[in-house]
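Residue-level structural notes
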Amino acid sequence: MKPLKEKLLIKDATINKVQFDTEWFFKLDDMAFFLKEDLSEVEFVYLPMLIDGETEIVKCSSFEDIIRGRKEFKE
């Protein structure tokens, strides 16, 4: 598994993300592609996100949910 650092993910331009209050949420499809892993076990919420100039409702997960989901999938 690829090690993850939230600060690096926030800076990565290939991953769509949105910030609500102080927490960042990452587009789940982008994270699965970035990690080359199945993230179907990761908890998610639908959030509006600006992608290529258009607002879309997409599956998003927090950094903590992604880490937790990866561990559960690994076991």
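Before reading on, note that the structure itself is shown above.
Quick look at the structure, then. All of these numbers come straight from a predicted model, not from anything done at the bench. (Residues numbered from 1 in each chain as written. Predicted model: local features only at pLDDT ≥ 70, side-chain atom pairs only at ≥ 80, totals over all residues. Heavy atoms only, no water.)

1. With respect to the sheet that holds strand β3 (residues 45-51)
Taking strand neighbours across the sheet as the criterion, the four strands line up as β1-β2-β4-β3 in an open arrangement whose pairing is antiparallel. Edge positions in the sheet fall to β1 (17-20) and β3, since each of these pairs with one other strand and no more. The mean inter-strand angle of the sheet, taken between neighbouring strand axes irrespective of direction, is 50°. Along the sheet face, helix α2 (residues 28-35) touches β2 (23-27) and β4 (54-62) and points at about 70° away from the line of β2. (Pairing = 2+ DSSP bridges. Helix = DSSP H or I, 4+ residues; strand = E, 2+ residues; numbered from the N terminus. Axes fitted to C-alpha atoms, helices over the stretch in contact; angles between N-to-C directions. Contact = heavy atoms within 4.5 Å.)

2. Structural notes on the environment of P3
Locating P3 in the fold gives a position in the segment before α1 (6-11). Exposure remark for P3: the relative accessible area of 76% places this residue in the exposed category. Along the backbone, P3 and I15 are 12 residues apart, and their C-alpha atoms lie at a distance of 16 Å. (Buried < 20%, exposed > 50% of the residue type's maximum accessible area, 1.4 Å probe, protein only.)

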